[in-house]
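Descriptive analysis of the structure
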Amino acid sequence: MFGWEFPPFHSGGLGVACLGLTRALSKLGTEVIFVMPKKLDITSPHTKIVFADGGINMRAVNVALSPYVTSTSYLRGRPKNGIYGADLMSEVMRYTSMGSVIAREENFDVIYAHDWLSFGAGIEAKHASGKPLIAHVHATEFDRCGGANSINEDVYAIERAGMEEADVVITVSELTKNIIVTKYGIPEGKICVVYNGIDESTMPSAGKGLPRLRKLKAAGFKLVLFLGRVTLQKGPDYFIRAAKKVLEYDPKIFFILSGSGDMEQGVMELAARLGIADRVFFTGHLEGADKHEVYSVADLFVMPSVSEPFGIAPLEAMKLGTPVLISKQSGVSEVVNHALKVDFWDVDEMANKILSVTGYPGLAETLSKNAKNEAHRLTWNVAAQKVDGIVNTLMRAV
Amino acid sequence: MKSLCFYFQVHQPYRVKKYRVFDIGNDPEYFNDRGESNLNNRTIAEKVARKSYIPATRLILELLKRHPEMRVSYSFSGIALEQLERYAPEALDLFKRVVETGQAEVLAETYYHSLAFFYSVPEFERQVTKHRELIRKLFGVWPRVFRNTELSYRNDLAAWADSAGYAGIISEGWDPILGWRSPNYVYRPVGTRTIRLLMKNYKLSDDVAFRFSSREWAEWPLTAGKYGQWLAEADGDTVNLFMDYETFGEHQWEDTGIFDFLEQLPQEIAKNPGIIFRTPSEVIASYEPKDEVDIPSVLTWADTDRDLTAWTGNAMQKAAIENIYALEDGVHLANDAKLMEDWRKLQTSDHFYYMCTKWSNDGDVHAYFSPYESPYEAYIAYMNALSDLRLRLDKRQPQKGVLQT
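Only a predicted model underlies this, so the values are computations on that prediction, with no experimental measurement involved.

Taking the numbering used here, the UniProt-annotated feature "domain: Glycosyl transferase family" (unreviewed entry) corresponds to residues 217-373 of chain A. Between the C-alpha atoms that bound residues 217-373 of chain A there is a distance of 25 Å. The span itself is 46% helix and 18% strand.

Structure representation (structure tokens):
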């Protein structure tokens, strides 16, 4: 399995998904050789490093890639010791070429690759071994661009090649399946939807954090939370615009924006321009106990994503009994009943629902209770069973 | 001689439109959706009339003529009749003609199809009176048998109906209450003098209302002949078949054969000399009560729990229903007819039913019909409308301070 680093090193949804799925798969008796790109302080790219984690063999490869890397962030973060590629695409190519090396060194039945950065390695491994390939799509280039027209053609080409080469394409929602059929021309018949899940193993841990928020609550303020990368795809600007509308009707509310990303500056400026800068806290990126605390303390979690293939964060909030408001343009909205839903662009309706949760206690109470139960049922085990079925079918076909 | 007693429920609520926080204080109209959604009360009334009320009633009118021994009974909510009068007068006219045959009985209920009895008996009585007057005006009859919203029933309701002079009252024939007893007899509610209790035979009723078109059902397809046979084989004095009238044409579409089934049923019944059609009043007059029935907590005809949890089971429902009844005194003091009417329209049980979340816990959100996207949407629209009503109420109150100084 060509995957990505587990939390807490990378706390984005992809790492969480890899961890949840891999653990659940190994519990079902499927052995996983988990290959992950990692910047290592050693010079040989082919050193085999094996970590032990239950029934999972972890193999780190010395590649400077992370799930949400962009051309600029790659150049900024790349250690200059001569191994890594001169730019993002050449690093991706370098990782791709390792696919065949790894395939010759390891013993396996099925190849599994998560998202475009590892598709190349997956294809190489398939060519070298003749074993079937599963391409698991967590997000497409269209999602990452938040509906903008400026998709990266190189990325698109790699995504498309990976899906075409794959024997089975797994998507995290019907929403993503539709994108793959309409924008990548992949036949519907070879796409399976496997929804992400949630369980204790991928939850942020409880602990002490952010005492200031509890003080605000004690003073009678309500807290509304955004948590995610601050990028176009996640719709943080819609969150700020809804906050403006909400505060016109109820000033006893604070908005918390947790996360970092290329829109951080712009969103702060927007809040200032709308005159609500004193009502919005920018916490930056949160991990572990801080993340757990901010989820727990919030009266409502809002995910206003413009295009969200799935969206695990709302499930984390739900599991902690926090009511959630999610955009209809998200995969998670396909599986969750006990959530408020809204079109990401409908700022008025977003504000209406935020005010309803903060204003009508019966709503928060019912959502909280039912959300907790629902999150309890949406486990990685359910996802892994489906993946296991796909793997077994492919092995029989060989 | 065994009786066959049909009662059909005719009800349509005034659904609350998508009413947002920003509308509070700006829009006193809660029920006037004019869009394409299922919240448009006019188009729903027109559709149900076209698909169900008109063809079903036309057929029943024809059957009553063809079979002079046939009997039916109806319970109409006041707000359903209001809406038919405005949006589907043809359906109302057909109902009048059915009642004119003398072969149909009209039952008593609350005008607003509310659960007021469990929250305010004086308000409940006012709604029953208002309903009785409407029935008198439209059909020229006084109802003698009482049925409460969603067939909700409790000992004290029977006692109330007894002292109000009703000859009968009806309830669900639920096994945990009846024990070894059959619903197919006339009973005496505990602690009453003359009133009689008729209980729904839910198995035979649901065979038509719910299972008729279900292909997974071993008895599918249900023919009038087969059903007539089951009725003939049933034990006891009376088989009480109570169901929503929308069963004919709306819940069970025309192409399921439901109208053919209805059309053929009277002639199948006629083949069994031991069965006779009777209205609830006729059933009560024909038999002595078999036993006393004690129902101390609320019994309804809803889902597998047969209690009020479908309307008051979660925190949203409790908050909504408690909030609406908390306004009672204020609404009376305000002396504003439109405000009173809106307050009462918000008491209709359907509003609380749409907020129910117990089914979606099984992941089956579509198990029960609701015009809203989710129970939460229903609650938000309702509470926003209620907040506006409260604001209107506050404006009508005499200025505080004027009297105090």
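After that view, the rundown keeps rolling.
Residue and element names in this part refer to chain B. The three strands are arranged E4-E5-E7 in an open sheet whose pairing can be described as parallel. The open sheet has two edge strands with one neighbour each: strand E4 (145-146) and strand E7 (196-200). With two bridges connecting them, E4 and strand E5 (residues 168-172) associate as parallel partners. Across the sheet, Phe146 pairs through a bridge with Ile169, a residue of E5.

Now for the interface of chain A and chain B. At the interface, 24 residues of chain A touch 21 residues of chain B. Carbon and sulfur atoms supply 55% of the area buried between chain A and chain B, which totals about 2000 Å² over both sides. In this structure, the connection of chain A to chain B is made through five salt bridges. Note that Arg20 of chain B and Glu349 of chain A form a salt bridge whose closest N and O atoms lie 2.8 Å from each other. Sorting the residues of the side of chain A that touches chain B by element identifies helix H9 (236-249), strand E13 (340-342), helix H14 (347-359) and helix H15 (361-377) of chain A as the ones contributing at least two each. Counted by class, the side of chain A that touches chain B contains eight nonpolar, seven polar and nine charged residues.

Here the focus is the environment of Glu287 of chain A. Among the structural elements, Glu287 of chain A can be located in the loop between strand E10 (280-284) and helix H11 (288-297). As for Glu287 of chain A and Pro204 of chain A, which are separated by 83 residues in sequence, their C-alpha atoms are 7.2 Å apart.

When the UniProt feature table is mapped to this numbering, "domain: Glycoside hydrolase family 57 N-terminal" (unreviewed entry) covers residues 6-296 of chain B. Note that residues 6-296 of chain B is 41% helix and 13% strand, and that its end C-alpha atoms are spaced 26 Å apart.

Glancing now at empty space enclosed by the protein. Residues and elements named next belong to chain B. For the structure shown, the criterion picks out one cavity of 30 Å³ or more. In this structure, the largest cavity occupies an estimated 40 Å³ of space. As for the largest cavity, its lining consists of Phe6, Val208, Tyr227, Met243, Phe248, Phe261, Leu262 and Leu265. For the lining of the largest cavity, the element with the most residues is helix H9 (residues 258-270), which contributes three residues. Classifying every residue of the lining of the largest cavity by side-chain character gives eight nonpolar, no polar and no charged.

All names here are of chain A. If you trace the six strands from one edge of the open sheet to the other, you get E10-E9-E8-E11-E12-E13, paired in parallel fashion. At either end of the open sheet lies a strand with only one pairing partner, and these are E10 and E13. Each neighbouring strand pair of the sheet contributes to a mean axis angle of 20°, computed without reference to strand direction. Inspection of the sheet shows strand E8 (residues 222-227) paired to strand E9 (residues 253-258) by six bridges, in the parallel sense. Across the sheet, residue Phe226 finds its bridge partner in E9, namely Leu257.

A separate point is the environment of Tyr84 of chain A. All names here are of chain A. Within the secondary structure, Tyr84 sits in the loop between helix H2 (71-77) and helix H3 (88-105). Since its relative accessible area comes to 7%, Tyr84 is described here as buried. Note: C-alpha distance between Tyr84 and Tyr95 (eleven residues apart in sequence) is 9.7 Å.

Here we come to the pattern of salt bridges. Considering all chains together, one arrives at 48 salt bridges over all chains under this definition. Taking the shortest distance from any N to any O, the salt bridge between Lys319 of chain A and Glu200 of chain A comes out at 3.7 Å. Here Lys319 of chain A, found in helix H12 (residues 313-319), pairs with Glu200 of chain A, found in the loop between strand E7 (191-193) and helix H8 (211-218); they are 119 residues apart in sequence, far enough to count as distant. Given the relative accessible area of 59%, Glu200 of chain A is considered exposed. The residue Arg58 of chain B makes a salt bridge to Glu90 of chain B at a minimum N-O spacing of 2.4 Å. Residue Arg58 of chain B is found in helix H1 (residues 41-66), and its partner Glu90 of chain B is found in helix H3 (residues 89-100); the two are separated by 32 residues along the sequence. The partly exposed category is assigned to Glu90 of chain B, whose relative accessible area is 40%.

Rules and cut-offs
- Residues numbered from 1 in each chain as written.
- Chains lettered and ligands numbered in written order.
- Predicted model: local features only at pLDDT ≥ 70, side-chain atom pairs only at ≥ 80, totals over all residues.
- Heavy atoms only, no water.
- UniProt positions renumbered as here; feature names shortened; annotations may be inferred.
- Helix = DSSP H or I, 4+ residues; strand = E, 2+ residues; numbered from the N terminus.
- Pairing = 2+ DSSP bridges.
- Contact = heavy atoms within 4.5 Å.
- Buried area = accessible area lost by both parts, 1.4 Å probe.
- Salt bridge = Lys/Arg side-chain N within 4 Å of Asp/Glu carboxyl O.
- Nonpolar A, V, L, I, M, F, W, Y, C, P; charged D, E, K, R; others polar.
- 1 Å grid on protein atoms, 1.4 Å probe; cavity = no way out; pocket = protein on both sides within 12 Å on 5 of 7 lines; lining within 4 Å.
- Points joined across faces, edges and corners; volume = space filled by probe spheres on them.
- Axes fitted to C-alpha atoms, helices over the stretch in contact; angles between N-to-C directions.
- Buried < 20%, exposed > 50% of the residue type's maximum accessible area, 1.4 Å probe, protein only.

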